[in-house]
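Fold and contact review
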Amino acid sequence: RKKCQVPLRFINLLYGLLPIYQTTDFQWRGNHFAELIQAPESIMSSDLKILRDERIIQKTVSGDLNTDRARKLIHKISLVVKLDQNCSILVDIRDTTFQPQMSDLLEISTECSKCLAEFRHKIAFLIPNTEQRRKVAKLFKTCMEAHGFEFKQFFEYEDAIEWLA
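Residues numbered from 1 in each chain as written. Predicted model: local features only at pLDDT ≥ 70, side-chain atom pairs only at ≥ 80, totals over all residues. Heavy atoms only, no water.

Observations concerning the pattern of salt bridges
- In total, this model carries five salt bridges according to the counting rule given.
- Linking D68 and R71 is a salt bridge whose minimum nitrogen-to-oxygen distance equals 3.0 Å. In this pair, D68 and R71 are both assigned in helix α3 (residues 67-83), three residues apart and thus about one turn of the helix distant.
- The class of D68 is partly exposed, set by a relative accessible area of 46%.
- A network of salt bridges, in which partner residues are shared, links D68, R71 and E107. (Salt bridge = Lys/Arg side-chain N within 4 Å of Asp/Glu carboxyl O. Helix = DSSP H or I, 4+ residues; strand = E, 2+ residues; numbered from the N terminus. Buried < 20%, exposed > 50% of the residue type's maximum accessible area, 1.4 Å probe, protein only.)

Okay, here's the thing in structure tokens:
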């Protein structure tokens, strides 16, 4: 019975990656298959999609957001980025609650630099237009730019897509 675990997981993995196979210029790089098989959950879900025409990986997050959840989000996105490094990233966190300390922002941006070390495209976040979130956004932008990312935050989806294109 144990012999069935890997093939079943492989079938689930391929089913979850079907949208990525449909992107243009898809090709395996390095040993990403081993990384994907070891992933604790499917990397594709209804809230993570690839906008093929715009070459954007889009992730929508809702609910409570903390440093651990942010790290898991970064790892999930990085797996998709490894499959197609010609995409920019859009993360929609407008429906989240998050009250980080400066140390949390530094930790999250450092995790981005580790997981997305080879990433050379733009990253945009959609954030709620509130005073508190604008302050956090300004600090996080500084952290991300210190790690060399081209990073910007937006309140409107259309503005973010235009900047990423």
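A closer look at the sheet that holds strand β1 (residues 48-51)
- If you trace the five strands from one edge of the open sheet to the other, you get β1-β2-β3-β4-β5, paired in mixed fashion. With partners counted over all chains shown, the strands left at the sheet margins are β1 and β5 (150-154), one partner each. Taking the axes of each pair of neighbouring strands and ignoring which way they run, one obtains an average angle of 20° across the sheet.
- Two strands pair when backbone bridges link them, and strand β4 (residues 122-126) and β5 are joined in this way by five bridges, in the parallel orientation. When the bridges of β5 are listed, I123 appears paired with F151.
- Packed onto the sheet, helix α6 (residues 157-164) meets β1, β2 (56-64), β3 (88-97), β4 and β5 and runs at close to 180° relative to β4. (Pairing = 2+ DSSP bridges. Axes fitted to C-alpha atoms, helices over the stretch in contact; angles between N-to-C directions. Contact = heavy atoms within 4.5 Å.)

Quick look at the packing of α3 against helix α4 (residues 102-115)
- It is at 10 Å that the axes of α3 and α4 come closest, and there the two elements cross at 20°. Comparing their axes, α4 and α3 come out roughly parallel. Helix-helix and strand crossings are classified by hand; for α3 and α4 the assignment is right-handed. On α4, the residues that touch T67, A70, R71, I74, H75, S78 and K82 of α3 are D104, E107, I108, E111, C112 and C115.
- Taken together, the residues of the contact of α3 with α4 break down into five nonpolar, three polar and five charged. (Parallel < 35°, antiparallel > 145°, perpendicular 65-115°, else oblique. Left-handed = near helix turned anticlockwise from the far one by under 90°. Nonpolar A, V, L, I, M, F, W, Y, C, P; charged D, E, K, R; others polar.)

Topic: the nonpolar core
- By size, the foremost hydrophobic cluster in this structure holds 32 residues, and its most contacted members are I89, V91, I123, F125 and F149.
- Going through the elements one at a time, β1, β2, α3, β3, α4, β4 and α5 (131-146) are the ones with two or more residues in this core.
- If we ignore the near neighbours within four places in the chain, the residues touching F149 are S109, C112, S113, L116, F119, I123 and M144.
- Membership of the second largest hydrophobic core comes to ten residues, among which are L51, I56, L126 and I161. (Core = buried A, V, L, I, M, F, W, Y, C linked by side-chain atoms within 4.5 Å.)

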